[in-house]
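Observations on chain architecture
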Amino acid sequence: MPVFALWSAPRARSTAFFRSMAERGDMTLLHEPFSNLRDSGETDVDGQVFRSPASLLAWLREETRNVNVFLKDTADHPFDEVLADRRFLAGTRHALLIRRPEEIAASYYALFPPMTINAIGMERLCGLQAAVRDTGGTPPAVIDSDDLLARPAATMAAYCAAVGLPFYPRALTWDQGELPEWRRSARWHTDASASSGFEQRERTYQHTVENSGKLARYAAHHRPFYDKLYAQRLNVTPWEPPAAADHQQTDKL
């Protein structure tokens, strides 16, 4: 099986997406492994510790043929080693999760006021898309996080169809609580820890693009990249779960 990678703009509900993938029960999960390597100098997978992007990428390329692997990471920092690994880019089933840059700016600033213009991440997602295209790999599926909240079943079904995974409706809900995989960066994932599904949470922020020139400039820089990706987002249509088929799969796990 190929590796399935979700590359997300920050604050785009990617941890809820990860939580849904964990609920499937058929994946080996890596939560922000490249971010962990950058911030902590290591990341682990089922007790195996990696201390460099090169060693992790080699494992993903060479040692995952008999397991389903899903990883998610965020584009608020560069992932140059990933972009340089053409074999990984070509052999992985990628997806890009996007959110309106104006919303990302306010949400990110509330947690980390020293943020830079690159933290919104949409430009890097376009760069990753181009890098995958240059290798001849399968074009990344583009997921709009608003669709994920408004139509979670249809959106996750469309994602699974795009990357070649079976869709399990039961994975749309889960028990509240923190997963060990995101404990290192728990303060960024409080909404996901408190959720039991893809839930819209209203937030009021003191600093927004309406009253902060800095955030307005940051969002404006990323808006063309967002618009480009938004035009390529998955077509999400109404969907009804095949209950019997999903129950059969549940019995197998």
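Here's what I pulled together on the structure shown here. (Residues numbered from 1 in each chain as written. Predicted model: local features only at pLDDT ≥ 70, side-chain atom pairs only at ≥ 80, totals over all residues. Heavy atoms only, no water.)

Here T64 shows up in the loop between α3 (53-62) and β5 (69-74). In terms of polar contacts, T64 uses its side chain to reach the backbone carbonyl oxygen of L60, at 2.7 Å. Those residues in contact with T64 that sit more than four places away from it in its chain are M1, V3, W59 and V69. (Helix = DSSP H or I, 4+ residues; strand = E, 2+ residues; numbered from the N terminus. Polar contact = N/O pair within 3.5 Å; in protein donor to acceptor, adjacent residues only side chain to side chain. Contact = heavy atoms within 4.5 Å.)

Below, the discussion takes up the nonpolar core. Ranked by internal contacts, the top residues of the largest apolar core, which has 71 residues, are W7, F17, M21, L60, F70, L125 and Y159. A total of 7 residues in this core trace back to one element, the largest contributor, which is helix α9 (residues 152-163). (Core = buried A, V, L, I, M, F, W, Y, C linked by side-chain atoms within 4.5 Å. Buried < 20%, exposed > 50% of the residue type's maximum accessible area, 1.4 Å probe, protein only.)

Let's shift gears to the pattern of salt bridges. What the rule picks out here adds up to 16 salt bridges. The shortest N-O distance in the salt bridge between R38 and D39 comes to 3.0 Å. Using a relative accessible area of 56% as the deciding quantity, one classes D39 as exposed. (Salt bridge = Lys/Arg side-chain N within 4 Å of Asp/Glu carboxyl O.)

So, on to the environment of N68. For N68, the location among the structural elements is in the loop between α3 and β5. Residue N68 is classed as buried on the basis of its relative accessible area, which comes to 19%. The sequence separation of N68 and M1 amounts to 67 residues, and the corresponding C-alpha distance is 6.0 Å. Within the structure, the side chain of N68 is placed 3.2 Å from the backbone oxygen of D26, a separation counted as a polar contact.

The next point concerns the pairing of β5. Along a regular strand, successive side chains alternate from one face of the sheet to the other. Counted residue by residue, β5 has 6 buried out of 6 residues, so it is predominantly covered. The alternating pattern of β5 places V69, L71 and D73 on one face and F70, K72 and T74 on the opposite face, and all of these are buried. Across 6 bridges, the pairing between strand β1 (residues 3-8) and β5 is parallel. Bridge assignment links S8 to a residue of β5, and that residue is T74. Alignment of strand β2 (residues 28-31) against β5, held across 4 bridges, turns out to be parallel. Bridge pairing in β5 places T28 opposite V69. (Pairing = 2+ DSSP bridges.)

Coordinates in, geometry out; function isn't part of it.
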